[in-house]
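Structural overview for review
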Amino acid sequence: MLSCYIAVTEVSQEVSDFSLFGLEDIDKAFTNTVKPVKHHQPVKLVLQGTALRIVGYPAGHMLGGTVWVLEAGSEVVVYGVDTNHNKERHLNGGQLSHVPSRPALLITDCSRVHIKAMNRATREKALKDAILGVLRRQGSVLLPVDSAGRMLELLLTLEKMWATTEPRLPYPLALLSHVGGSTIDYARNMIEWMSDEVQREFNVSNTNPLQTQHFKNTIRLCHCPADVNRLCGPGPKVVLATGITLEAGLARQMLLQWGADPRNAVLFTQPPRGGTLAADLLSPRPPGPLSLSLLVGRRVPLQGAELEAFEAARLLAEAAAAAAGEEEAAAAAAVLPMRESSGVLSQLKRSNTGAVEQVLPEQHAAFDAFGSDSAMAEEGVLMDGFAPPAGAMYAMFPDEQELLQQEWDAYGAVVDTSGLRMTDEALEAGAAAAEEEDQDVEDVPTKVVHEQVSLSFAATAQLLEGYSGASDARSLRTIVANLAPRALVLIGGGMIETMEMANACKRELPPQQTRVYTPAAAAAAGGGGEAMDVDGSAALDDAAAAAVAAAAAAVGDHGGIFIGDVKLSEVKQALAAVGVPSEFRPGGRLVVGGSLVVRRDGPEGQLLMEGPLCEDYFKVRDVVYSQYNVC
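Only a predicted model underlies this, so the values are computations on that prediction, with no experimental measurement involved.

A tally of helices and strands in the chain yields 20 helices and 25 strands. A separation of at least 24 residues holds for 67% of the contacts in the chain among residues at least 6 apart in sequence. Here the chain displays about 35600 Å² of accessible surface, and carbon together with sulfur accounts for 54% of that area.

Laid out in structure tokens, this is it:
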């Protein structure tokens, strides 16, 4: 949810006048449609008549990150992307290896295929050396981070560094984020989702790593670049700013301020997405400053004709809303029946016996003329659902206040504290003053304007490995091999990364007969996203890519994963139902039309089709596909 906040804020502040939805809509969506569940908590659903059982396992990538296991009958589908088996400061290792083995389908990512295994001591030493090297040359460090994921691990690492380094580091450490304070406050309440070490320390000494006095004194929360200058002052400093790609956000604003100084540095802790400004800064380039032309957006108040048009549109909208409200109120008043006892009680009278009587407006004359014993006075007096209490004529509270009795305790008379509290009049006056103040500082209508800014980037740009929160390629392949899925889908990587991972899995998984699919590679080759079966070939060249594209176009959009166990006899019955003759031949072959053969192959008993590409081939293929649950 906090990531959505950041995205909407950055887009609306710097990119465009985004009005499709706002922060209130995000709150409503998460409040009304999102059901929170805990790890290992089973959830049962029914989807199109199929009973599903969903269980989440910790992914280890970020707080709340989950590996999802979907069970439908005896079939199991595992969705595990952005997994990390390594234990970190605030997270346990991911549990992708703990899901049921031999699932029908495993979906995982291959974007970290080039990551090498690195222990905590090595990566933290590299981070410390890189930061202190910049600070000691009187430069400042900019760390682009995400809004609510890996930022927490990096904050705890830096806070620990500031606490244990001797002599004490005099450099300010700041978090620049629109929702930085909210993120930390929210994470403080999620101890049960953190590592065993954090939970043990909290249970023993009631210590929260995000709530220690040193953490509060070290991390300076900033909401805009001006806060950084005000809270951190001049001189070297370390700033974690949201906007990991530098395409928008507070990190981009800090880059415009610090990028021209060769003493400064931009340190990336996650590999940036290709085609972004962050990727351009990390790409090899000749020595010397890098000339950049950046499009910078900012909000400015509306003026002149634009302001008049905005006000006119606002007045029209308010008038339309008021008219609609009046129509709804009139319609509700016409439909809502009036109750006879819904009138305002105008008088309370006490009878000769001392009981309190409730007299409705239409009964005043009857009461005064005939007295309380009159039938006219009794008619319609009692309210629905109430009975007269003992000793009273009608179900009403007394209209006379009882005398306040003085109370005493061991120390004397009890003090009435009501006079020490702020009265209702004072509260109303304070609320009115606050409302007037809010009206005085009400935001004026604004719009986003863009300008082209030239930047001679002379600072240092460096990628620090080990902080992306993802398993290295070798460990991921080992986990996949132990799970031995019947089908493996690789997503999230570029074409080269995907093919390298697919070929490696194909080499390491032949005993399990795992079929490997790479929809991203097929899409990059022009296949329109159709899943591509990998047979162990090398990365595609231009000719191979063209062949794959043609084949994918011919196959059509049938999906790539087939779930279920289909018998040849069922295929024969399905073919007969659509008017296609077929017959069994020796060897367990189903011959269709004399030229097409459907048979089983391999230890898994997979159905194979053989024959020339003709009209009957595609007709038979569609019938075979219809016997499976295809996804």
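It is worth spelling out the confidence of the model for the chain at this point. Regions with low pLDDT should not have their predicted coordinates read in detail. The predicted model of the chain has a mean per-residue pLDDT of 76, with 72% of residues at 70 or higher. Averaged pLDDT values for the elements of the chain fall to 42 in helix 18 (residues 542-555) and rise to 95 in strand 10 (residues 265-268). Confidence drops under a pLDDT of 50 for residues 337-347, and excluding neighbours within four residues, the segment shows 13 contacts in the predicted structure. Across residues 398-404 the pLDDT falls below 50, and counting only partners more than four positions away or on other chains, this stretch makes five contacts in the model.

A word on the packing of aromatic side chains. Applying the stated criterion across every chain, the model contains zero aromatic pairs. Taking NZ or CZ as reference, arginine 123 lies 5.8 Å from the ring centre of tyrosine 467, over its face.

The next thing to look at is the sheet that holds strand 17 (residues 460-463). Strand order in this open sheet of six strands is 8-7-9-6-10-17, and the pairing throughout is parallel. The two strands at the open ends of the sheet, each matched to only one other strand, are strand 8 (219-222) and strand 17. Taken pair by pair, the neighbouring strands of this sheet meet at an average axis angle of 20°, ignoring direction. Against the sheet, helix 8 (residues 225-232) engages strand 7 (173-176), strand 8 and strand 9 (238-242), with an angle of about 145° to strand 8.

Moving on, we get to a nonpolar patch on the surface. A surface patch of nonpolar side chains, about 240 Å² in accessible area, is lined by Met1, Phe30 and Val34. Mapping methionine 1 onto the fold places it in the segment before helix 1 (2-15).

What follows covers the pattern of salt bridges. Inspection of every chain in the model, using the stated rule, returns 14 salt bridges. Of the charged contacts, one joins arginine 53 and glutamate 71 as a salt bridge, the two residues approaching to 3.4 Å between their closest N and O atoms. Residue arginine 53 is found in strand 2 (residues 50-58), and its partner glutamate 71 is found in strand 3 (residues 66-72); the two are separated by 18 residues along the sequence. In this structure, arginine 314 engages glutamate 318 in a salt bridge whose closest nitrogen and oxygen atoms are separated by 2.8 Å. With a gap of four residues between them, arginine 314 and glutamate 318 both fall in helix 11 (residues 304-335), about one helical turn apart. The class of arginine 314 is partly exposed, set by a relative accessible area of 34%. Given a relative accessible area of 42%, glutamate 318 falls into the partly exposed group. By sharing partners, the salt bridges in this structure join Glu311, Arg314 and Glu318 into a single network.

Analysis parameters
Residues numbered from 1 in each chain as written. Predicted model: local features only at pLDDT ≥ 70, side-chain atom pairs only at ≥ 80, totals over all residues. Heavy atoms only, no water. Helix = DSSP H or I, 4+ residues; strand = E, 2+ residues; numbered from the N terminus. Contact = heavy atoms within 4.5 Å. Areas by Shrake-Rupley, 256 points an atom, 1.4 Å probe, with all protein chains shown as cover. pLDDT = per-residue confidence, 0-100. Phe/Tyr/Trp six-rings, centres within 6.5 Å; stacked < 30°, edge-to-face > 60°. Lys NZ or Arg CZ within 6 Å of the ring centre and 35° of its normal. Pairing = 2+ DSSP bridges. Axes fitted to C-alpha atoms, helices over the stretch in contact; angles between N-to-C directions. Patch = residues over 30% accessible without salt bridge, like charges linked within 9 Å, V, L, I, M, F, W, Y side chains within 5 Å. Salt bridge = Lys/Arg side-chain N within 4 Å of Asp/Glu carboxyl O. Buried < 20%, exposed > 50% of the residue type's maximum accessible area, 1.4 Å probe, protein only.

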